[in-house]
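Letter by letter, the chains look like this.
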Amino acid sequence: MSATNIIDIAPLGALIRYTDGSPKPPARFTKKLAAWERSNGVGRLVKKEPPRVYPTWTAPASFTLHEGNFSSDGVILVTIMRSHSADSRLIFEVAEEPKPGQVRVLLDFGGNIELLHLAESITAAELWIAREGYRNARLEIVGAEDGDRAGDADLAA
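Overview of the structure. (Residues numbered from 1 in each chain as written. Predicted model: local features only at pLDDT ≥ 70, side-chain atom pairs only at ≥ 80, totals over all residues. Heavy atoms only, no water.)

It is worth spelling out the overall build of the protein chain at this point. For the protein chain, the helix and strand inventory stands at 3 helices and 11 strands. When the helices and strands of the protein chain are read in sequence order from the N terminus, they spell out α-β-α-β-β-β-β-β-β-β-β-α-β-β. Each of the three principal axes of the protein chain carries a C-alpha extent, and together these read 50 × 45 × 35 Å. In the protein chain, buried positions account for 32% of the 157 residues. (Helix = DSSP H or I, 4+ residues; strand = E, 2+ residues; numbered from the N terminus. Buried < 20%, exposed > 50% of the residue type's maximum accessible area, 1.4 Å probe, protein only.)

Okay, here's the thing in structure tokens:
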């Protein structure tokens, strides 16, 4: 599936797998393995952005994947996010969609929506918001009818 298809059909919170189609090199080739890992991985879809028009060029639509966190003693030190443009040559697939009943914690800014957290229940989402301190976040329940949105259930956080 192309990057454009991910932008068009994948819901926020989905796990997206991407690859360049090349085989994984042996672990002993550390530099080749590191290069391979930059083009082959998996992440949670947290943001979709439309094309942006600038005076001299137009940036293509893109999406951002959250690939993981590095932490120490329960404190997140580094968050790994990777953005892919609609014209990416990588091959993408939806590995897993959010399950019905899960709750997306969303933040609206600059005309875009970003997924902050995917919780198992409203209670878990509210606890996460209280712990992390996002006052402007809103909740959206993943719908049971199609595994996507439940009609933008705006539950103020």
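So, on to the nonpolar core. Formed by 17 residues in total, the largest nonpolar core has its most connected members in I6, I16, L45, F63, L65 and F92. Taken together, the elements giving at least two residues each to this core come down to α1 (3–9), β1 (15–19), β2 (41–49) and β5 (62–72). In terms of residue count, α1 provides more of this core than any other element does, 3 residues in total. In this structure L65 touches I16, Y18, G43, R44, L45, V46, I80, M81, R82 and H84, once residues within four positions along its chain are discounted. (Core = buried A, V, L, I, M, F, W, Y, C linked by side-chain atoms within 4.5 Å. Contact = heavy atoms within 4.5 Å.)

What follows is about the side chain of N40. The topology assignment puts N40 in the loop between α2 (30–38) and β2. In this structure the side chain of N40 is engaged in a polar contact, spanning 2.4 Å, whose partner is the side chain of T19. Of the polar contacts made by the side chain of N40, one reaches the backbone oxygen of W36; its length is 2.8 Å. (Polar contact = N/O pair within 3.5 Å; in protein donor to acceptor, adjacent residues only side chain to side chain.)

It is worth spelling out helix α3 (residues 122–132) at this point. Within the sequence span of α3, burial applies to A125, W128 and I129. In a view along the axis of α3, the buried residues occupy a sector of 100 degrees, so they form one face of it. Opposite the buried face of α3, at more than 90 degrees from it, the exposed residues are T123, L127, A130 and R131. Each element contacted by the buried residues of α3 is listed here: β8 (103–109), β9 (112–119) and β10 (138–141). (Arc of directions from axis to C-beta.)

Alignment of β2 against β5, held across 5 bridges, turns out to be antiparallel. Following the sheet pairing, E49 is matched in β5 by S62. Across 10 bridges, the pairing between β5 and strand β6 (residues 75–85) is antiparallel. Looking at β6, one finds that G68 is bridged to I80. The hairpin formed by β5 and β6 contains 2 residues between the paired strands, and D73 there has a positive phi angle of roughly 55 degrees. (Pairing = 2+ DSSP bridges.)

A word on the environment of K31. Residue position: K31 is located in helix α2. Using a relative accessible area of 74% as the deciding quantity, one classes K31 as exposed. Taking C-alpha positions, K31 is 36 Å from N112, a pair spaced 81 residues apart along the chain.

This part takes up the layout of surface pockets. The computed volume of the largest pocket comes to approximately 420 Å³. If you trace the largest pocket, you find 15 residues lining it, with H66, N69, L116, H117 and W128 closest to the centre. Of all the secondary structure elements, the ones that give two or more residues to the lining of the largest pocket are β2, β5, β6, β9 and α3. With 5 residues, β9 is the single largest residue contributor to the lining of the largest pocket. Of the residues assigned to the lining of the largest pocket, the class counts are 8 nonpolar, 4 polar and 3 charged. (1 Å grid on protein atoms, 1.4 Å probe; cavity = no way out; pocket = protein on both sides within 12 Å on 5 of 7 lines; lining within 4 Å. Points joined across faces, edges and corners; volume = space filled by probe spheres on them. Nonpolar A, V, L, I, M, F, W, Y, C, P; charged D, E, K, R; others polar.)

On to the packing of aromatic side chains. For the structure shown, the criterion picks out 4 aromatic pairs. Considering the side-chain rings of Y18 and F92, the 6.3 Å spacing of their centres and the 40 degrees angle between planes classify their relative orientation as tilted. In this pair, Y18 sits in strand β1 while F92 sits in strand β7 (residues 91–96), placing the two residues 74 residues apart along the sequence. Residue Y18 is classed as buried on the basis of its relative accessible area, which comes to 2%. Owing to a relative accessible area of 1%, F92 belongs among the buried residues under this scheme. Taken together, a centroid distance of 5.5 Å and an interplanar angle of 25 degrees make the contact between Y54 and W57 stacked. The partly exposed category is assigned to Y54, whose relative accessible area is 37%. In textbook terms, an aromatic cluster arises when at least three aromatic residues are bridged by ring pairs, as seen for Y18, F63 and F92. Over the aromatic face of F29 sits the side chain of K32, whose NZ or CZ is 5.1 Å from the ring centroid. (Phe/Tyr/Trp six-rings, centres within 6.5 Å; stacked < 30°, edge-to-face > 60°. Lys NZ or Arg CZ within 6 Å of the ring centre and 35° of its normal.)

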